[in-house]
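The chain contents come next:
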Amino acid sequence: MTLLLCQRQPYTQTASFPVLQSSLAPAAKPSAATKSTPAKPTKNNNNNNNSKPPTAAPTAATTTTTTPTPTSSTTSASGASSCASSQGSAPTSERVGYIDLPDSVLYVEGGGQPGDVGTILDSRGVKFRCTRVEKLPSGAGVRHTVVIPPRTVSSSNSAEKPASADGGVNAAAAASTVTSSAPASSTCGDNEVAALPAVGEDVSVSVDWARRYDYMQQHTAQHLFSHLAMKHKNLKTVGWALHDTFTSVELEAAEISDEDLLFLQDLENAAIRQHVPVNVQIVSHDQLNSISGLRSRGSIPTEGDIRIIQIEGYDTSTCGGTHIANTAELQTFRILLSDTEHSRKNVVRIFFLAGQRELKFASIGYERDKALSRILSCPADVFTQRSETLLAENIQLIRQRKKLLEQVARYEAQELSTRVTAALATSPHPFLLYTRDAGNMESLQEVEAAVREKCGPEFLLLSVSSDAESGTGPGVFILSGPLDLVKKATAPVMAALGGKGGGKSNRIQGRAMLCENGAQALENAKAALL
């Protein structure tokens, strides 16, 4: 089996390859809105890998790179529009294209591990951001999906081509002009984008190593954990998923105790401290029978070479993914939690962090503990007790506050009732204003209910309470009274208070932005009622 360069150890971060073909991505159908969705984590239920990566050398082909066109939209080699913007949105300079190469340093998605991302640099110095890699259907190369950057110079196509040492134009770049059957640049909206590299041109492919190494740590941690779970607790791994922020492993069990999870976590960290080598082997199918303790979910292919990942003294598994060279590179391992509620029947999903993810998690936790120590005035080991004490005190204070509000409401309701009684003596439907500072809706409701209980429903009452002690700015209000009066008074009251709200027909409540205008709201309502 001939491996892709991305699967060979030691791993190569940058390498050059000749272009087999380049083309624009097909356009989305005009009738359907294009939605941008985040890449889903790769979930693996089979670690087998007997794929034979492409080894074919580049062959002569007509490049589908493009040259300037007079139109305001771009077309692919087939003539279809290919702007990378959603239907109905503003045009964007980003275009998507394909660059096919015979090999790659970018890992092709498989074995439970997401594909790599990286960059492709052509001979003109144009850098393309690669967002996806996949094997060509023919098996004779690797397709790189790239975002095509805007052109730096749009007045002349030759401006993109670097001069050679003798002052001429780079031969590979010049070839794109001679052999091209499509335009050498494209436009999307008002912005031109760079031309794709020509067939036969050497391009440099670089992997996003920080992301790759993080995935390598998580993948090796999963192999080790699955081995330990099976060996020590007879827990079979039936699936796993590598996410951007955590990794999950599905174990066949109705439930797993916290004690067992802590035990497995300790075993994994012990293996990390032993700095055990992690080896890659390529074996024939006939050699598989001689490998003891081989772990592989699903059936093993009956032909072709097999890639084996061996953690010495621990796990031996079929796998096509990328891994660290020694368990010491895992640094540390932590199980975050287990979940049965959102898993399949008799499956427990375990979430973990390894390597830099765990170190970052621990660093964030440490900074959070420092902040909480200052806030709670206690060390981290008594956060729980301190929080429980504060919560209990808060509940008690809430109860006391409620009682005090009730007492205040009764007192103010008594005073307000005296005003209402006097007003009712002179008018069948008086209109009164009640205000308070630094109150809330609950306090207004207490007073309003107490007054209604004592004086009845025949008067119109506007209650206003600002959030601030100054009595100005935003706050809350209640307008209540006879149905016909509330209907007429609502609009002028809302206008004066800058209010928004709703409720029953004879009782409106909500937020007010201008609580200082309570008196003006009362006058406006009176004018509307006359």
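Reference entry: report on the structure contained in this document. Owing to the predicted nature of the structure, the values given are computational and were not obtained by experimental measurement. (Residues numbered from 1 in each chain as written. Predicted model: local features only at pLDDT ≥ 70, side-chain atom pairs only at ≥ 80, totals over all residues. Heavy atoms only, no water.)

Pairing within the open sheet is antiparallel, and its seven strands lie in the order 1-10-5-6-7-4-2. The open sheet has two edge strands, strand 1 (14–18) and strand 2 (21–24), and neither has a second partner. Sheet twist, expressed as the average angle between the axes of neighbouring strands with direction ignored, equals 30°. (Pairing = 2+ DSSP bridges. Helix = DSSP H or I, 4+ residues; strand = E, 2+ residues; numbered from the N terminus. Axes fitted to C-alpha atoms, helices over the stretch in contact; angles between N-to-C directions.)

Moving on, we come to the packing of aromatic side chains. Two descriptors summarise a pair of aromatic rings, namely the distance from one centre to the other and the angle between the planes of the rings. Applying the stated criterion to the full structure yields five aromatic pairs. Relative to Phe-352, the ring of Phe-225 lies with its centre 6.4 Å away and its plane at 40°, an arrangement referred to as tilted. Of this pair, Phe-225 sits in helix 2 (residues 209–233) while Phe-352 sits in strand 18 (residues 347–354), and the two are 127 residues apart along the sequence. Take Phe-225 and Phe-352: they sit in the same class, and that class is buried. Over the ring of Phe-263 we find Lys-233, and its NZ or CZ is 4.9 Å from the ring centre. A cation over an aromatic ring shows up here: Arg-452 above the ring of Phe-459, its NZ or CZ 4.0 Å from the ring centre. (Phe/Tyr/Trp six-rings, centres within 6.5 Å; stacked < 30°, edge-to-face > 60°. Buried < 20%, exposed > 50% of the residue type's maximum accessible area, 1.4 Å probe, protein only. Lys NZ or Arg CZ within 6 Å of the ring centre and 35° of its normal.)

Next up on the list: the packing of helix 7 (residues 483–497) against helix 8 (residues 518–529). At a closest axis distance of 8 Å, the pairing of helix 7 and helix 8 adopts a crossing angle of 145°. Once helix 7 is placed against helix 8, the crossing between them reads as right-handed. For the pair helix 7 and helix 8, contact is made by Leu-485, Lys-488, Ala-489, Pro-492, Val-493, Ala-496 and Leu-497 and by Gly-518, Gln-520, Ala-521, Asn-524, Ala-525, Ala-528 and Leu-529, respectively. Classifying every residue of the contact of helix 7 with helix 8 gives 10 nonpolar, three polar and one charged. (Left-handed = near helix turned anticlockwise from the far one by under 90°. Contact = heavy atoms within 4.5 Å. Nonpolar A, V, L, I, M, F, W, Y, C, P; charged D, E, K, R; others polar.)

Let's shift gears to the pattern of salt bridges. The final tally for this structure, using the stated rule, is 18 salt bridges. Across the pair Arg-212 and Asp-116 runs a salt bridge, and its minimum N-O distance is 2.7 Å. Taken together, the residues span a long stretch of sequence, with Arg-212 in helix 2 and Asp-116 in the loop between strand 4 (95–101) and strand 5 (118–121) at a distance of 96 residues. Taken individually, Arg-212 and Asp-116 each receive the classification buried, so the pair is uniform in this respect. Notably, a salt bridge pairs Asp-339 with Arg-349, separated by 4.0 Å at the nearest N-O pair. (Salt bridge = Lys/Arg side-chain N within 4 Å of Asp/Glu carboxyl O.)

For the rest of this paragraph, the subject is the side chain of His-227. For His-227, the position within the fold is in helix 2. Setting aside residues no more than four positions away along its own chain, His-227 makes contact with Tyr-314 and Asp-315.

The backbone of Asn-234 shows a phi angle near 55°, a positive value even though the residue is not glycine. In this structure, Asn-234 sits in the loop between helix 2 and strand 11 (237–242). The class of Asn-234 is exposed, set by a relative accessible area of 59%. A positive phi is found at Gln-331, a non-glycine position, where the angle reads about 70°. Within the secondary structure, Gln-331 sits in the loop between strand 16 (316–318) and strand 17 (333–339). Look at Gln-331 and you get partly exposed, because its relative accessible area is 35%.

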